[in-house]
Amino acid sequence: MTVLDSPIPRFHLAVAVDDLVAARRFYGDVLGLEQGRSADTWVDWNLHGHQFVTHLAPERALRIHNPVDGHDVPVPHFGLVLTVEAFHEFAERLRAAGTEFVIEPYVRFAGQKGEQWTMFLLDPAGNALEFKAFADDSQVFAA
C-alpha cells in the first residue's frame, strides 16, 4: 500500500522559519526529508507522505511550555509517531548529526496507559518537533 492508498488522510502543515538555507540543511540533510517544490520564500517537504512546508517568516512568536511527565514540553510542536525500531534509529541519526535535544529520548508514562518513547528537538528557526513511538499501538489514544 502506498501513502496515496492509505485510509489515513495525509496532513498539510506549514511552519515559519527565519532562514531557508538552515531549514534546507536541517530538514533535508539532518532529518533526511525529500524536498519538493520551492520558491524564494518557501520549501515543500515530504514528511513520510505528509506535505510539510517551511515558509520564510523572520518574525517569531513567544515560546510557551506545558508540564508533561516532569518535562517542560514546548508548544506548539509537531512530529511523527514511528515504530519503536525506527524511533531508536532516528534518535541515533540525530545524535550523530550533533542534534541538541530539548527533551532527550526517554520512555514517557512508563508502566502507565499511553506509555511511549518520546524526544523533542528544535529546528534552526526554533520550531519544536516531537517524535514518539508506542510499543503497543493501541495506546496511541489511550484515555
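Anything mentioned here points back to the structure above.
All of the points below concern the structure found in this document. Bear in mind that the values here come from a model prediction, so they are computed numbers and not experimental data.

Overview of the nonpolar core
Tyr27, Leu31, Leu94, Met119, Leu129 and Phe131 are the most contacted members of the largest nonpolar core, which totals 27 residues. Taken together, the elements giving at least two residues each to this core come down to strand 1 (12–17), helix 1 (20–30), strand 3 (42–47), strand 7 (77–82), helix 2 (84–96), strand 9 (116–122) and strand 10 (128–133). With 5 residues, the single largest contributor to this core is helix 1. Excluding its chain neighbours within four sequence positions, the residues that come into contact with Met119 are Phe87, Phe90, Ala91, Leu94, Phe101, Ile103, Glu104, Pro105, Leu129, Glu130 and Phe131.

Brief notes about the sheet that holds strand 9
Strand order in this open sheet of 4 strands is 7-10-9-8, and the pairing throughout is mixed. In this open sheet, the two edge strands, each paired with only one partner strand, are strand 7 and strand 8 (101–108). Neighbour-to-neighbour, the strand axes of this sheet turn through a mean angle of 15°, independent of strand direction. As judged from the 5 bridges shared by strand 8 and strand 9, these two strands associate in the antiparallel manner. The residue bridging Phe101 from the neighbouring strand is Leu121, located in strand 9. Its contacts with the sheet place helix 2 against strand 7, strand 8, strand 9 and strand 10, and it is angled at close to 30° to strand 9.

Quick word on the layout of surface pockets
Counted as a void, the largest pocket has a volume near 470 Å³. Element by element, the count of residues in the lining of the largest pocket is highest for strand 7, at 4 residues. Of the residues contributing to the lining of the largest pocket, the split by class is 6 nonpolar, 5 polar and 1 charged.

Quick look at helix 1
Those residues of helix 1 that fall on the buried side of the exposure criterion are Leu20, Ala22, Ala23, Phe26, Tyr27, Gly28 and Val30. Where helix 1 starts, the residue carrying a side-chain oxygen 3.0 Å from the main-chain nitrogen of Val21 turns out to be Asp19. Two residues or fewer after helix 1 comes Gly32, characterised by a positive phi angle close to 75°.

Side note on helix 2
With 13 residues, helix 2 should cover 18 Å at 1.5 Å per step; its first-to-last C-alpha distance of 18 Å lies within 8% of that length. For helix 2, the set of buried residues is Phe87, Phe90, Ala91 and Leu94. Angular distribution of buried residues about the axis of helix 2 spans 105°; they occupy a single face of the element. Exposed residues on helix 2 whose side chains face more than 90 degrees from its buried face are Glu85 and Ala96. One or two steps after helix 2, the chain reaches Gly98, where phi turns positive at roughly 80°.

The rules behind the values
Residues numbered from 1 in each chain as written. Predicted model: local features only at pLDDT ≥ 70, side-chain atom pairs only at ≥ 80, totals over all residues. Heavy atoms only, no water. Core = buried A, V, L, I, M, F, W, Y, C linked by side-chain atoms within 4.5 Å. Buried < 20%, exposed > 50% of the residue type's maximum accessible area, 1.4 Å probe, protein only. Helix = DSSP H or I, 4+ residues; strand = E, 2+ residues; numbered from the N terminus. Contact = heavy atoms within 4.5 Å. Pairing = 2+ DSSP bridges. Axes fitted to C-alpha atoms, helices over the stretch in contact; angles between N-to-C directions. 1 Å grid on protein atoms, 1.4 Å probe; cavity = no way out; pocket = protein on both sides within 12 Å on 5 of 7 lines; lining within 4 Å. Points joined across faces, edges and corners; volume = space filled by probe spheres on them. Nonpolar A, V, L, I, M, F, W, Y, C, P; charged D, E, K, R; others polar. Polar contact = N/O pair within 3.5 Å; in protein donor to acceptor, adjacent residues only side chain to side chain. Expected span 1.5 Å × (residues − 1). Arc of directions from axis to C-beta.

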